[in-house]
Amino acid sequence: MTTSLRRAAVLGGNRIPFARQFGAYAEASNQDMLTAALDGLVARYHLGGEQVGEVVAGAVIKHSRDFNLTRESVLGSALSPSTPAYDIQQACGTGLEAAILVSNKIKLGQIESGIAGGVDTSSDAPIAVSEKLRKKLLKVNRAKGAKNQLLALTDLRPTDFGIASPGNTEPRTGLSMGEHMAQTAKTWGITREAQDELAVASHRNLAASYERGFQDDLVTSFKGLAKDANLRPDSSMEKLATLKPAFGKGENATMTAGNSTPLTDGASVVLLGSEEWAAAHGLSVQAWFVDAETAGVDFLHGDEGLLMAPAYAVARLLERNGLALQDFDYYEIHEAFASTVLATLKAWEDEDFCKNRLGRTEALGSIDRTKLNVNGSSLAAGHPFAATGGRIVASLAKQLHEKGPGSRGLISICAAGGLGVVAILEGA
Amino acid sequence: MAFDYGKFVQGGIGKQLATALGLPRPTRLRRHDPKGSLVPGAVYVTGHGDAKVAHRVSAWLERAGVPIATSPSTSVAALVLDMSEIETPADLETLRAAVAPTLKTIQPTGRVIVIGRPVEEATSVAQGAARRAIEGIVRSIGKEMRAGGTANTVLVADGAEDAVEAPLRFLLSGRSAYVDAQVFHVATPVAPVEDPSDWAKPLEGKVAVVTGAARGIGAAIADVLARDGATVVCVDIPAAGGPLVEVANRLGGSALQLDVTADDAGAKIVEHTVSRHGGFDIVVHNAGITRDKLLVNMDADRWDSVLQVNLLSILRMNEALVPAINDGGHIVNVASIAGIAGNRGQTNYGASKAGVIGMTSLLAADPTIVAKGITVNAVAPGFIETEMTAKVPLATREIGRLMNSISQGGLPIDVAETIGFFSWDASRGVTGNTVRVCGQMMMGA
């Protein structure tokens, strides 16, 4: 049993373009999309018939039949059927958490290679019957004999009939994620103008990355879609200014459909491996998966914003690695909403927050905004919940590889339930 | 469903009509079967004078286990006629005397292959005239042959006899189903001719790059090269990524998304093949587009985009590919009948494809290429049944299908098989050739 850890390498990735809800992937299931993302990765890295150490992925919105979603996708892919797989779920942190798990096993020497990913559909969503109806139907099922079953059936009332489809509301508050974020945006005084600016930059950066061929070996077309359907290369402050607020009330209603991510469908996967495995497969290391951290915040009673957990996770991660917030060449802060990114940045700049909430002696400080989401982020690409982590890891790893060895990147992803998942990559 | 004349006349009222009116009824062509025999019957081998090349061919066929006939009195599958030693046009009588009775008894999908010598090497005017006459005769035979039969010429340079087996193997086999009335030039090999250890896998251990591999003829090329043993790097534009992945994974190859017109396209191909596959032996420049308009209405964009994708990109990519390709490798370009005969509304396309033919012969003679032992050849497809031609209006489509000696369109696999043949290490005597895969289409020279 070895005690010293080895390094885990990010070798590349693949995703299908993200589609808007009920768009190009309206008929595609999570399994269809995850399989397509895997097949694209297999073709790009010549892994046909290969037994990979482990495939770890998940979806936030899942049908009950998809209990073994990742394994089923592996079986339908060009990978060897002897490749093991398992599902995880950590809301919007799913994709990044999968990469953390795979990289940890590689570091421990338990696997030589692995694929991490995620998928989500907002179009092919599961629909359940109302809770009352479900309970009564189960009672009918439990009843013994036709007579008792009929008796149980008579218990059904017209008002019991209803369907429940998943929404992005917090189970404990009944508020949508946007409504939660609107509260945080108000707390931090995030302006409409600043949010729109961030959205425009996201669209321009993503469009430019396609233009310069950066996405050529990160994305594989699916169902006739070759680029993210949500991307608006000609997005502008003027156009965004015309949009009506979608969340919040009165003067504080700064969040619109333009500076919030739309519901999207898509899948992404990342290939990780040991240095030796990469060399044996003729693959160049893009980046090293250095370290990761997760955090949870008490948004129910603790007076903290639902999506503020990454602010805490990053502070702890920097502390452990002896790094300052300014020690990075690139920052990937997931744009759940433009205001999420801006509130997080503001919190790190705020001495009071950093002292009282993060327990630091001083503020983390500000970052060079030209290093933020340089190839666009979720506002432009869209955000199929579990697929966002894989998109970011693969894209950042490539960007760091272009920058050169020793370059550093920070990933920050907020998630429902007051969760945050963050990680550090280092260019190779 | 679209009307298909070829299928209509295969049975029922269509067959009766066609027979009564004397209309053509296309024969189901014999195509390569990896498990089948090279030729479905005996090969009649004869020649003029000492017929030394014919003796070599007989010895080779015997080794290959192909039955040899000494006369066409019983039905034969093919005729190989060695006319390499003719001196004057009077000697052509040998050809008439051998071919005439053979045409009566030859099996459906039969082959007539006439071996000659290059006109340029003739030692007298009379000999040159006789040598050139062969091409005229064989082209006419191609038009007279029935039931899917083909007639082709193989011109062997003096001293290149060792290299004649590969084109003969190709022409006798089902791989050449839609190759008719072509002239194959066999010269002193650019590198030693090497037979594969197993002719069922002539490309075993080779790495091939195919551009435009996501669909149509490109996908068929990738299929054939992989079937014959090669590891295929499938290249196409990112927008075709989905279908490209399907092709690559089906073949156990790899997919590389790039725009062939990008400045670094060649460098990216080299990087991918060297790091993932340890290098490459075969390059097939297949990617191509059409932007049709009559010349009077042709704008600069349509003109430029077609020339960029179909011709200039190949020249640019070759700057990176030629130094990197393994010695003894093969480059194959996809030209078009439109580059030979021209086509209304396709001045840009015709320019690019004729340019490909010119590039092919010049690159083949390039000192770097010759020093590395690389062959460079081109195929020029005629009417090939693809998604693209399925969209052509009915009348035009049927004319395209029937305006050739075999009375049907070719299949993508027919183009692919010819490219596969150019990629054999046994074909190293064949370079600088442009071979049409057109069933002897009436268009063009």
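Numbering of residues starts from 1 in every chain and runs along the sequence as written. Note on labels: chains are lettered from A, ligands numbered from 1, in written order. A pLDDT threshold of at least 70 governs which residues receive local features in this predicted model, and a stricter bar of 80 or more applies before side-chain atom pairs are shown or counted, although totals over entire chains, interfaces and linings include all residues. By convention in this description, side-chain values take in all heavy atoms of the structure and omit both hydrogens and water.

Undergrad: Where do I start with the pattern of salt bridges in this structure?
TA: Where charged atoms from two side chains of opposite charge come close, those side chains can pair. Salt bridges are defined by distance alone: a side-chain nitrogen of Lys or Arg within 4 Å of a carboxyl oxygen of Asp or Glu. Taken as a whole, this structure holds 37 salt bridges over all chains when the rule is applied. Residue A:Glu293 is joined to A:Arg320 by a salt bridge in which the shortest nitrogen-to-oxygen separation is 2.7 Å. Of the two residues, A:Glu293 sits in strand β11 (residues 287–296) while A:Arg320 sits in helix α10 (residues 309–321), which places them 27 residues apart along the sequence. Exposure classes here rest on a 1.4 Å probe applied to the protein chains alone. A residue is buried below 20% of its type maximum, exposed above 50%, and partly exposed in between. Assessed through its relative accessible area of 48%, A:Arg320 is described here as partly exposed. A salt bridge links B:Glu417 to B:Arg175; the shortest N-O distance between them is 3.5 Å. One end of the pair, B:Glu417, is in helix α16 (residues 412–422); the other, B:Arg175, is in the loop between α6 (165–172) and β6 (183–186), and 242 residues separate them in sequence. A relative accessible area of 5% places B:Arg175 in the buried class. A run of H or I in DSSP becomes a helix once it reaches four residues, and a run of E becomes a strand once it reaches two; helices and strands are each numbered from the N terminus.

Undergrad: I would appreciate a short explanation of the nonpolar core in the present structure.
TA: As a rule of thumb, nonpolar side chains are buried together in soluble globular proteins. Residues and elements named next belong to chain B. Residues grouped as a nonpolar core are buried Ala, Val, Leu, Ile, Met, Phe, Trp, Tyr and Cys residues, joined through side-chain atoms within 4.5 Å. By size, the foremost hydrophobic cluster in this structure holds 74 residues, and its most contacted members are Val43, Leu172, Ile221 and Leu225. For this core, the element with the highest residue contribution is helix α7 (residues 216–227), accounting for 8 residues. The split into domains, and so the bounds of each, comes from an automatic or database assignment of domains. Taken together, domain 1 (31–186) and domain 2 (207–437) each give at least three residues to this core, which thus spans both. It only takes one pair of heavy atoms within 4.5 Å for two residues to be counted as in contact. For Val43, the residues in contact, after removing those within four places along its chain, are Leu61, Val66, Pro67, Ile68, Ala69, Ala78, Val80 and Leu172.

Undergrad: What's the story with the domain arrangement of chain A in this structure? I'm lost.
TA: Quoted interface sizes are often the accessible area lost when the parts come together. According to the domain assignment, chain A consists of domain 1 (128–164) and domain 2 (177–213 + 289–427). With centres defined by C-alpha atoms, the gap from domain 1 of chain A to domain 2 of chain A works out at 47 Å.

Undergrad: Could you clarify how one ought to interpret the sheet that holds strand β8 (residues 231–236) of chain B in this entry?
TA: The strands that make up a sheet pair up through hydrogen bonds in the backbone, lying either parallel or antiparallel. All names here are of chain B. Two strands pair under a simple rule: DSSP has to find at least two bridges between them. Pairing is parallel in the open sheet, where 7 strands are placed in the order β9-β8-β7-β10-β11-β12-β13. Both edges of this open sheet fall to β9 (254–257) and β13 (434–437), since each of them pairs with a single strand only. Neighbour to neighbour, the strand axes of the sheet diverge by 20° on average, direction disregarded. As defined by bridge partners, β8 adjoins β9 across 4 bridges and the pair is classed as parallel. In the sheet register, Asp236 faces β9, and the bridge partner there is Gln257. A fitted line through C-alpha atoms serves as each axis, taken over the contacting stretch for helices, and the angle formed by two N-to-C directions is quoted from 0 to 180°. In the packing of helix α9 (residues 265–277) onto the sheet, contacts are made with β7 (207–211), β8 and β9, and the angle to β9 comes to roughly 155°.

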